[in-house]
Amino acid sequence: MLGGFVRAFRTPDLRHKLLFTIGIIVLYRIGSFVPAPGVSYPNIQTCLANQETNSLLGLVNLFSGGALLQLSIFALGIMPYITASIIVQLLRVVIPRFEALHKEGQTGTAKLTQYTRYLTIGLALLQATTYVTLARTGQLIPGCDAIPNDSIMTSLYIILTMTAGATLLMWFGEQITDRGIGNGMSMLIFISIAASFPGAIWSITQGSGGFGKFAIVIAVALLVIALVVFVEQSQRRIPVQYAKRMVGRKVYGGSSTYIPIKINMAGVIPVIFASSILAVPSLIAQFAEYDTDWVAWVQRNVASPSAPLHLVLYVIMIIFFCFFYTAITFNPDEVADNMKKYGGFIPGIRAGRPTAEYLDYVITRITSAGSIYLALVALVPTVTFIAMGVGDSIPFGGTSILIIVGVGLETVKQIDSQLQQRHYEGLLK
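Engineer: Now, about the packing of helix α14 (residues 332–341) against helix α15 (residues 353–387): what can you tell me, with residues and values included?
Structural biologist: Direction vectors running N to C along α14 and α15 enclose 135 degrees, while the axes themselves pass 8 Å from each other. On the basis of their axis angle, the class for α14 and α15 is oblique. As for how α14 packs across α15, the hand of that crossing is right-handed. Contacts from Pro332, Asp333, Val335, Ala336 and Met339 of α14 reach α15 at Arg353, Thr355, Ala356, Leu359 and Asp360.

Below, the structure is given as structure tokens:
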């Protein structure tokens, strides 16, 4: 492995890509600690010492690498772009124009990407306004005077700065994808989570149990990582045979290939959806009177990550969104039509409608296993922390491990493939 990295840096083209990616990452991490104009950085650092946030802000803060609660120029992180991308994908189901653009190929994809960028800026403005309002009212960081000057112009400067920061991060991600290594957006999320991982793990040693609980957490994390690597590398290969065709004087087709279907086709999207929806009742309760019964019930049974009802709803939503998102991203009818158009068929299955039904049957079975796997990965670290008595201050969950391992595997694969194009040996053996 070490020799593979040495060969990667000795290859001029690959070295430039790696150094470019590292440079963007360094700029991103520096910007995460630069406060927006009008924000009191000393006040925030003092207030963050013993503060806890609700699960929604905790999730966004995780994806921003801790920049949100510091109200830095990159406080919004890459979440506006992720949300915009998901919305555009979902709109393909309800807006025929979007589906038509998706089928147009590269031109249509470029148009959808442009829509995603516009939507990202709109969502960034909305989220920045929300966070600045929460900071001014003391609900982002309870009891903290994060913005001493509460004038409208100061708030407007902060909102515009955060929006510009989110737009710049979107550009950073696209530049990494085009000129660097790996998927840029995934890489920025990876760096955000990895930056807060050591501190989150080390914080466990500061409580009761000390290094005993620390050892348990490391063992559980390694077990979950092994499970994620095993499942993410697994795939069901459906064989496809293409018949020979005469086009003029040339013969095309006659080859064999396969359709690779991953066990977890939805990735981490179902977990993000489930976490966001479960955090909405808690966010609504924050704007209500704290002494009412329903607010106390929501905070105790829905908002608390250790509540049994919260865990049950979490698992149900993960399974539901896993099926929902897979149905959106993989269309058996479209795949069957494309196979029939180019003379492809699955051995033993007739082309056309029977192929679509067979693919739907296989996808349903695989997604059933994938949704259970995703729920286990998201739930095992949380249940472990609850059993250890960490309570509501859960430092990280299975979502973090899933993203770190998944992005790490894809990046290493891309480096390996580029090495194999220039050398006989790749990064992996």
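Engineer: Account for the environment of Val228, naming residues and giving values.
Structural biologist: Mapped onto the elements of the fold, Val228 is located in helix α10 (residues 210–233). When the C-alpha positions of Val228 and Tyr373 are compared, they lie 8.8 Å apart, and in sequence the two are 145 residues distant. Contact partners of Val228, with chain neighbours within four places excluded, come to Tyr373, Val377, Leu402 and Val405.

Engineer: Any chance you could break down the sheet that holds strand β4 (residues 256–262) for me, citing the residues and the numbers?
Structural biologist: Sheets are built from strands paired through backbone hydrogen bonds, the pairs being either parallel or antiparallel. The sheet built from three strands is open, its strands ordered β4-β1-β5 with antiparallel pairing. Each having just a single partner strand, β4 and β5 (344–345) make up the two edges of the open sheet. By the bridge criterion, two bridges tie strand β1 (residues 235–242) to β5 in an arrangement that is antiparallel. From the neighbouring strand, Gln241 faces β5, where its bridge partner is Phe345. Its contacts with the sheet put α15 on β1 and β4, and the angle it makes with β1 is roughly 165 degrees.

The rules behind these values
Residues numbered from 1 in each chain as written. Predicted model: local features only at pLDDT ≥ 70, side-chain atom pairs only at ≥ 80, totals over all residues. Heavy atoms only, no water. Axes fitted to C-alpha atoms, helices over the stretch in contact; angles between N-to-C directions. Helix = DSSP H or I, 4+ residues; strand = E, 2+ residues; numbered from the N terminus. Parallel < 35°, antiparallel > 145°, perpendicular 65-115°, else oblique. Left-handed = near helix turned anticlockwise from the far one by under 90°. Contact = heavy atoms within 4.5 Å. Pairing = 2+ DSSP bridges.

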